Amino acid sequence: MRFIPITASAGITGFESPANDYIQLPLSLDALLVDHPSATFIGKANGDSMIGVGIFSGDILIVDRHVTAKTSDVIVANLNGEFVCKIIDIKGRLLLSANKKYKTILINECDQFSIEGVVIRSIRCHRHSLVLEAHT
């Protein structure tokens, strides 16, 4: 992968592209985005409950099982057989959405609940990939 060490702006100018003098570095997206490869999985967000923290439907979530969840972390959890992505309040036993149109979920004693991992990064795809569509 070629790494271009510039900041890109959305404006268009008539100057030569700084990418012409690129630097080739031995860099992989795995090395850049994944801290604990053997404990990390990737999921795809579905819905609009987390838009307040910048996670939109279709975004790719990098979820780390090695990281211990703490209050205010964005997590992926299994709640009664359904995978959810929410903000956790451990002391209050609450799952919070980052969109005011969704209610807070209280984790009851009778619920089957497990934290599957902490969302450490999310990636927004601006063009749909055939690979991602095949896995949904």
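In this report, we go over the structure that sits alongside the text. These numbers were taken from a predicted model, which means no experiment stands behind them.

### Quick notes on the overall build of the protein chain
- A tally of regular secondary structure across the protein chain gives two helices and nine strands.
- Mapped from its N terminus to its C terminus, the protein chain presents α and β elements in the order β-β-α-β-β-β-β-β-β-β-α.
- Classification of the 136 residues of the protein chain by burial places 27% in the buried group.
- Taking contacts inside the protein chain between residues at least 6 apart in sequence as the whole, the part at least 24 apart equals 54%.
- Total accessible area on the protein chain is roughly 9,900 Å²; 56% of this is exposed by carbon and sulfur atoms.

### Quick notes on the pattern of salt bridges
- In this structure the tally under the stated criterion is five salt bridges.
- Aspartate 48 is the partner of lysine 101 in a salt bridge, and the nearest nitrogen-oxygen pair spans 3.0 Å. Taken together, the residues lysine 101 in the loop between β7 (94-96) and β8 (105-106) and aspartate 48 in the loop between β3 (40-44) and β4 (60-64) connect sequence positions 53 residues apart.
- With a relative accessible area of 25%, aspartate 48 lands in the partly exposed category.
- As a salt-bridge pair, arginine 124 and aspartate 59 come within 3.1 Å of each other at their nearest N and O atoms. One end of the pair, arginine 124, is in the loop between β9 (113-123) and α2 (130-134); the other, aspartate 59, is in the loop between β3 and β4, and 65 residues separate them in sequence.

Rules and cut-offs
- Residues numbered from 1 in each chain as written.
- Predicted model: local features only at pLDDT ≥ 70, side-chain atom pairs only at ≥ 80, totals over all residues.
- Heavy atoms only, no water.
- Helix = DSSP H or I, 4+ residues; strand = E, 2+ residues; numbered from the N terminus.
- Buried < 20%, exposed > 50% of the residue type's maximum accessible area, 1.4 Å probe, protein only.
- Contact = heavy atoms within 4.5 Å.
- Areas by Shrake-Rupley, 256 points an atom, 1.4 Å probe, with all protein chains shown as cover.
- Salt bridge = Lys/Arg side-chain N within 4 Å of Asp/Glu carboxyl O.

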